[in-house]
Amino acid sequence: MPVGPSLRQLHAHQAIHHSGLAGAKSKTEEVEQFYSSGDLELAEQATAELLEYWESRILSHADAEEDGFYQEAVEKNPALQDVVLQLKRDHELMRIVVKSIHQLRETPGWNVEILHKLYALLEINEIHSREEERLLF
Ligand SMILES: [Fe+2]
Ligand SMILES: [Fe+2]
């Protein structure tokens, strides 16, 4: 798949990371506020929206990177092979956590464990983006 210029240019790529993370952070805080105020139904709705956001904004960015951008980086510099493997593992961790939240949601009633996993996702994503920007550019 051809790689769009936005992935190749550090500033454009950083902007994708920053806006993705900022949106996920504020939506996670929303989930927490609903939880804290005891409104578990709204917490559940906000969680559903947030998972959709993770998939359409952040995991789809990861898929796009693995579809071309990472291979291109390795072709230009074969020494980046291990770095790319590690970055792919970060993506995989995020996919696994998102999937585990979906599984938790199959049990009726909103569970605070979901919130812990949502915060874990933010942390993994923040570290991943920082490493990607540092090691591939
Ligand atoms: Fe990535
Ligand atoms: Fe990225």
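Residues numbered from 1 in each chain as written. Chains lettered and ligands numbered in written order. Predicted model: local features only at pLDDT ≥ 70, side-chain atom pairs only at ≥ 80, totals over all residues. Heavy atoms only, no water.

Draft legend 1. Looking closely at the coordination of the iron ion (ligand 1). Note on the iron ion (ligand 1): its protein donors are Glu 65 (OE), His 91 (NE2), His 128 (NE2) and Glu 132 (OE). The metal-donor distances range over 2.1 to 2.2 Å. Between the 4 donor atoms coordinating the iron ion (ligand 1), the angles at the centre fall across 82 to 162 degrees, so the site counts as irregular. Mapped onto the sequence, the residues coordinating the iron ion (ligand 1) show the spacing E-x25-H-x36-H-x3-E. Taken as a pair, the iron ion (ligand 1) and the iron ion (ligand 2) show a spacing of 3.6 Å, with Glu 65 coordinating each metal. Linking Glu 65 in helix α3 (residues 40-76) with Glu 132 in helix α5 (residues 112-136), this pair joins segments that are 67 residues apart in sequence. Judged by its relative accessible area of 0%, Glu 65 falls in the buried class. Take Glu 132: its relative accessible area is 0%, and that puts it in the buried class. (Donors = N, O, S within 2.8 Å, 3.2 Å for Na, K, Ca; no water. Tetrahedral: all angles 85-135°; square planar, octahedral: opposite > 155°, others 65-115°. Helix = DSSP H or I, 4+ residues; strand = E, 2+ residues; numbered from the N terminus. Buried < 20%, exposed > 50% of the residue type's maximum accessible area, 1.4 Å probe, protein only.)

Draft legend 2. Structural context of the packing of aromatic side chains. On inspection of all chains with the given rule, the structure shows 3 aromatic pairs. Each ring, one from Tyr 35 and one from Trp 110, has its centre 5.2 Å from the other, and the planes form 45 degrees; the classification is tilted. In this pair, Tyr 35 is assigned in helix α2 (residues 10-36) and Trp 110 in the loop between α4 (81-105) and α5, connecting sequence segments 75 residues apart. Residue classification places Tyr 35 among the partly exposed positions, given a relative accessible area of 33%. Of the residues examined, Trp 110 reaches a relative accessible area of 10% and is grouped as buried. (Phe/Tyr/Trp six-rings, centres within 6.5 Å; stacked < 30°, edge-to-face > 60°.)

What is shown is where atoms sit, not what they do.
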